[in-house]
Amino acid sequence: MVTTVTHQPLLKLTTSAEPVRTGISIRCKNSGNESAFQETKRVSVDYDQGKHEVSTRLSGFRKDDIPKRYRLRVQRERFQKDWALSEVVDQVSELRRWDDIDGVLNRWIGRFARKNFPLLIKEMTRRGSIEHCTQVFRWMKLQKNYCARTDIYNMMIRLYARNNHIDQARGLFFEMQEWRCKPDAETYNALINAHGRAGQWRWAMNIMEDMLRTAIPPSRSTYNNLINACGSSGNWREALKVCKQMTDNGVGPDLVTHNIVLSAYKTGAQYSKALSYFELMKGTNIRPDTTTLNIVIHCLIKLGQYGKAVEIFNSMRDRRAECRPDIVTFTSVIHMYSVCGQIENCRAVFDTMLAEGLKPNIVSYNALLGAYASHGMDKEALSVFNEIKKTGFCPDVVSYTSLLNAYGKSKQPRKAGEVFVMMKKNRCTPNLVSYNALIDAYGSSGLLAQAVEVLREAERNGVQPNIVSICTLLAACGRCGQKVNIDAVLSAAKLRGIKMNTIAYNSAIGSYMNIGENKKAINLYRSMRKKKVKPDSVTYTQLISGCCRMSQYSEALGFFNEMMDLKIPLSKEVCSSAICAYSKQASIMTIGQLTEAESVFNLMKADGCCSDVVMYTAMLHAYIAAENWEKACTLFQEMETNGIEPDSVAYSAVMRALNKGGQSSKVLNIAEDMREKEIPFNDSIFFEIVSACSLLRDWRTTIDLIKLMEPSLPVVSSGVINQLLHFLGRSGKIETMMKLFYKIVASGAEININTYSILLKNLLSAGNWRKYIEVLQWMDDAGIQPSNSMYLDISTYAQKSGGADYAAVIKERVESFKRKTGNQGSTTRLHDSTCLPLH
């Protein structure tokens, strides 16, 4: 059921000679129909569909209002229709732009009333179809009773401005002067606004100067449009000059002016200045509105002041607040939580927006979708994408690109490709960001060939790759370890005229370093400096850490010195790598090297950036390399005092310093502390604990350590195992040593010839020659060939300690074992070297 209600006139057009900004000045002197130009509201409600529509209706001059000579001319014409003005607009709007619009207008009786023309243009421009308006205006100028009017031209210029048709708007400006219509303030305002929308702020300034030359005083709207023209182009300095000029000319700024200035600061990335201006604005009598606070929240987010942004957002939601949050506010806060990584809060803010009765737009949905996509939450991103379609919105290129990015982040390149195909199938043209996201999806999964093919497809479709495309491909080459393709990508960038920036050089340098091509990385860095592309902290982090990985410590320190000379801010990663380079440049650090390492460390502490376990651990290794055990232990205590929780690497470093400094008992105390904190033991820690037990001859603690190590035996290094076996054997705990060996064999851990050598030496020291020969047999079973020294040791033992009775038995078993293993050549050499009495 549809119900239509027509209201009485709510708005009367002025009849004064002075033009107003939003209406049309029409002189209706001695008019017989005063209600012809009064607006009426018509409301149509469809209860079945749950929809309502409000429209404004105008009658205009009808048949009875036109001059008599025209009435007599049309009264017998059955094709002439006495339509109301709004009916004419409806019929014209329903036609397509190539249909006979002139035919409809020529049937309208109201065309003989000149006063209908301004209202006809007003209603047409309100509908917003620029093609229809252009044809109606062209038809109007061909009518004999047409008279050019400034207000008609102003409406058409504003329409062209809204649609960014700058040349047409400028053409109308010159045309109106040919028709002897003098431009007024509204004309210049419309032109300035048109050029501001197009980012042509210099043209806007020239139009302002022309306005002043014609002695037309600028209004507040004129200045606001000019400030907006400068600010929207990022020229915030020019915007401030115009604002000052506005004040000097006696035109005070209003809330719109302040919002435009704040927006100019925001567009020019002058976020701190925007906040300072907002503080000055609060000292005036002008109260901020929702638009003002939205700009302030945006600037706070850009500056990382998230707490203040949330505080303003919460104040806007207060019941007594004058400025209520709108869609833009909620969308900004969703983006803020996305940047912070608090994805749960993104959804919570979105649900709050729905609960407060605000209908989200496509930008809000895209903000939530982008939040999920940036963290690789593909299932949640797909859910939001489907929600967009269910609510009646058509996903745009941002929606598809975000979903594609979600699959790329979650390492699902196949699904990312499917989204890309669906995007084109639904007639949504991919842009450069879409292509780059797909390139990254393939490249991050090692599918370099597919990534290159996407780049070629983009070029075939007229989308030229940019520096982001090159950086993405370079990173993919580094992950895939393909040196040749890195060179090819760099050549492709040069061929296409893409100028390499700092980020691109960093990607290439990092890719070369990842595949061990240090020379190419360094040469690329030299080329970067030669082309006067300024390196940043990321550049030097990759160079220094890469050189440290390849044990090129002198080169690493050279890059660190260059970084210091350029006064580039230090990062924790750079300083850690530099300290590591100082500590490993030689087997024992010199006093000068240690001083340099301490200087870097103290510099970071002075900047307040040293609250990192990696930095402290690097300095611990530097003190250990310099054999300064006391300072290493003191630094570890400082680390704990500053509330920095040591990790396994830091614990192993301080344990080594304590063992070297003769404080092995403290090593066991630290180990007990680690067990209480449930910090996992690594190989280095096991090694240092065993060393401490060995130095202290504490075999009871060693037994406890063996029990602790049992679950980790398959992954414990052979060095730790050998040291532990050696200590047990040297302590005379042969039985415990053998039990540990059995457990090692049962765990499946790798056993090498050194392990067997330790067993044999300790067995021989204990006089257990039978077990010695049995271990030799175990070696043969394991496929490990005993060495000549092992035979020599048992033969020497038989000669010196075995006695005459055992010597023959040992000889017989060794000979039998050698015949099994086929080691006859070794036997001859053994006999010759030992000269033992074998008979």
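In this text, all values refer to a predicted model and were calculated from it rather than measured experimentally.

Asker: How should the overall build of the protein be read in this particular structure?
Answerer: The secondary structure content of the protein amounts to 44 helices and three strands. Counting across all 839 residues of the protein, residues that qualify as buried make up 47%. For the protein, the exposed area adds up to about 42800 Å²; of that, 50% sits on carbon and sulfur atoms.

Asker: Is there a simple way to think about the nonpolar core in this case?
Answerer: Soluble globular proteins tend to bury their nonpolar side chains together. If you look at the biggest cluster of nonpolar residues, it comprises 241 residues, and the most contacted ones within it are L120, V136, M140, M500 and I689. Element by element, the count of residues in this core is highest for helix α32 (residues 613-625), at nine residues. Those residues within four positions of I689 in sequence are excluded, and the remaining contacts are M655, V667, L668, A671, F681 and L705. Counting residues in hydrophobic clusters, the runner-up holds seven residues, among them F61, V74, I109 and F112.

Asker: Explanation requested: the pattern of salt bridges in the structure shown.
Answerer: Note on pairing: side chains with opposite charge can pair once their charged atoms come close. Following the criterion strictly, the structure yields 26 salt bridges and no others. Its salt-bridge partner being K241, residue E238 comes within 3.8 Å of it at the nearest N-O pair. In this pair, E238 and K241 both sit in helix α11 (residues 236-248), three residues apart, roughly one turn of the helix. Owing to a relative accessible area of 54%, K241 belongs among the exposed residues under this scheme. The residue K282 makes a salt bridge to E279 at a minimum N-O spacing of 3.3 Å. Of this pair, K282 and E279 are both found in helix α13 (residues 271-282), three residues apart, which corresponds to roughly one turn of the helix. On the basis of relative accessibility, which here comes to 49%, the residue E279 falls in the partly exposed class. Through salt bridges with shared partners, one network takes in R347, D351 and E387.

Asker: What exactly am I supposed to notice about the confidence of the model for the protein here?
Answerer: It should be kept in mind that the predicted coordinates are not to be read in detail where pLDDT is low. Within the protein, residue pLDDT values average 79, and 86% of them lie at 70 or more. Here residues 5-31 is modelled with pLDDT under 50, and outside its nearest four sequence neighbours on either side it reaches 50 contacts, counting other chains as well. Counting interchain partners and residues more than four positions distant, the pLDDT-below-50 stretch residues 824-839 has 20 contacts.

Asker: How do you make sense of the packing of helix α16 (residues 327-340) against helix α17 (residues 343-355) when you look at a structure like this?
Answerer: The packing of two helices is summarised by the inter-axis angle and the distance between the axes. Taken N-terminus to C-terminus, the directions of α16 and α17 make an angle of 170°; their axes are 8 Å apart at the nearest point. On the basis of the axis angle, α16 is roughly antiparallel to α17. Helix-helix and strand crossings are classified by hand; for α16 and α17 the assignment is right-handed. Along its contact with α16, which presents I327, F330, V333, I334, Y337 and S338, the element α17 presents N345, C346, V349, F350, T352 and M353. Taken together, the residues of the contact of α16 with α17 break down into nine nonpolar, three polar and no charged.

Asker: How should the environment of K409 be read in this particular structure?
Answerer: Tracing the sequence through the fold places K409 in helix α20 (residues 397-409). For K409, the contacting residues outside a window of four places in its chain are A373, S374 and G376.

Asker: Where do I start with the packing of aromatic side chains in this structure?
Answerer: Both the distance between ring centres and the angle between the ring planes are used here to describe each pair of aromatic rings. Tallied over the full model, the rule gives 18 aromatic pairs. Where F137 meets Y153, the ring centres are 5.4 Å apart and the plane angle is 85°; that geometry is what we call edge-to-face. Residue F137 is located in helix α5 (residues 130-141), and its partner Y153 is located in helix α6 (residues 150-162); the two are separated by 16 residues in the primary sequence. For the pair F137 and Y153, one class covers both residues: buried. Residues F173 and F174 carry aromatic rings whose centres are separated by 5.6 Å and whose planes lie at 70° to one another, so their mutual orientation is edge-to-face. The exposure class assigned to F173 is buried, which follows from its relative accessible area of 10%. Joined through ring pairs, the aromatic side chains of F117, W139, Y146 and W179 make up one cluster. When the ring centre of W203 is taken as reference, the NZ or CZ atom of R170 above it lies at 4.0 Å.

Asker: Just checking my understanding: could you explain α5 for this structure?
Answerer: Because each turn of an α-helix spans 3.6 residues, side chains separated by three or four positions in sequence point in the same direction. For α5, spanning 12 residues, the distance from its first C-alpha to its last is 17 Å, which sits close to the expected 16 Å at 1.5 Å a residue. When we look at burial in α5, the residues that qualify are I130, H132, C133, Q135, V136, F137, W139 and M140. Packed against the buried residues of α5 are α2 (85-94), α3 (101-106), α4 (116-127), α6 and α7 (166-178).

Asker: Sorry, what's going on with helix α18 (residues 362-374) here?
Answerer: End to end, α18 covers 18 Å across 13 residues, agreeing with the expected 18 Å (1.5 Å per residue, within 8%). For α18, a buried count of 10 out of 13 residues is recorded, marking the element as mostly surrounded by other parts of the structure. All of the buried residues in α18 are I362, S364, Y365, N366, A367, L368, L369, A371, Y372 and A373. Those residues of α18 that are buried are in contact with α16, α17, α19 (378-390) and α20. Its side-chain oxygen at 3.2 Å from the backbone nitrogen of V363, N361 defines the N-terminal cap of α18. Phi turns positive one or two residues past the end of α18, at G376, with a value near 70°.

Asker: What am I meant to see in the side chain of T755 here?
Answerer: With respect to the secondary-structure elements, T755 resides in helix α40 (residues 753-765). Given a relative accessible area of 2%, T755 falls into the buried group. Not counting chain neighbours up to four residues away, the residues in contact with T755 comprise N722, L725 and F741.

Asker: Would you mind showing me how to read the packing of α20 against helix α22 (residues 432-444) here?
Answerer: For the pair α20 and α22, the least separation of the axes is 9 Å and the interaxial angle reads 10°. By the criterion of interaxial angle, the relationship of α20 to α22 is roughly parallel. Contact residues: α20 offers V397, T401, L404 and G408, while α22 offers V433, S434, A437, L438, A441 and S444. Of the residues that constitute the contact of α20 with α22, the class distribution is six nonpolar, four polar and no charged.

Asker: Hey, could you run me through unusual backbone geometry in this one?
Answerer: Glycine aside, residues mostly have negative phi angles, and peptide bonds mostly take the trans form. One non-glycine residue with positive phi stands out, namely N164, at about 60°. Residue position: N164 is located in the loop between α6 and α7. Residue classification places N164 among the partly exposed residues on the basis of a relative accessible area of 44%. The backbone of R180 shows a phi angle near 65°, a positive value even though the residue is not glycine. Structurally, R180 is set in the loop between α7 and α8 (185-197). The exposure class assigned to R180 is exposed, which follows from its relative accessible area of 79%.

Asker: Is there a simple way to think about the environment of N485 in this case?
Answerer: Locating N485 in the fold gives a position in helix α25 (residues 483-495). Along the chain, N485 and L448 lie 37 residues apart, while their C-alpha atoms are 9.0 Å from each other. Not counting residues up to four positions away in its chain, the partners in contact with N485 are L448 and C477.

Asker: Sorry, what's going on with the side chain of S664 here?
Answerer: As for its placement among the helices and strands, S664 is situated in helix α35 (residues 664-677). Note on S664: relative accessible area 6%, which makes it buried.

What counts and how
- Residues numbered from 1 in each chain as written.
- Predicted model: local features only at pLDDT ≥ 70, side-chain atom pairs only at ≥ 80, totals over all residues.
- Heavy atoms only, no water.
- Helix = DSSP H or I, 4+ residues; strand = E, 2+ residues; numbered from the N terminus.
- Buried < 20%, exposed > 50% of the residue type's maximum accessible area, 1.4 Å probe, protein only.
- Areas by Shrake-Rupley, 256 points an atom, 1.4 Å probe, with all protein chains shown as cover.
- Core = buried A, V, L, I, M, F, W, Y, C linked by side-chain atoms within 4.5 Å.
- Contact = heavy atoms within 4.5 Å.
- Salt bridge = Lys/Arg side-chain N within 4 Å of Asp/Glu carboxyl O.
- pLDDT = per-residue confidence, 0-100.
- Axes fitted to C-alpha atoms, helices over the stretch in contact; angles between N-to-C directions.
- Parallel < 35°, antiparallel > 145°, perpendicular 65-115°, else oblique.
- Left-handed = near helix turned anticlockwise from the far one by under 90°.
- Nonpolar A, V, L, I, M, F, W, Y, C, P; charged D, E, K, R; others polar.
- Phe/Tyr/Trp six-rings, centres within 6.5 Å; stacked < 30°, edge-to-face > 60°.
- Lys NZ or Arg CZ within 6 Å of the ring centre and 35° of its normal.
- Expected span 1.5 Å × (residues − 1).
- Polar contact = N/O pair within 3.5 Å; in protein donor to acceptor, adjacent residues only side chain to side chain.

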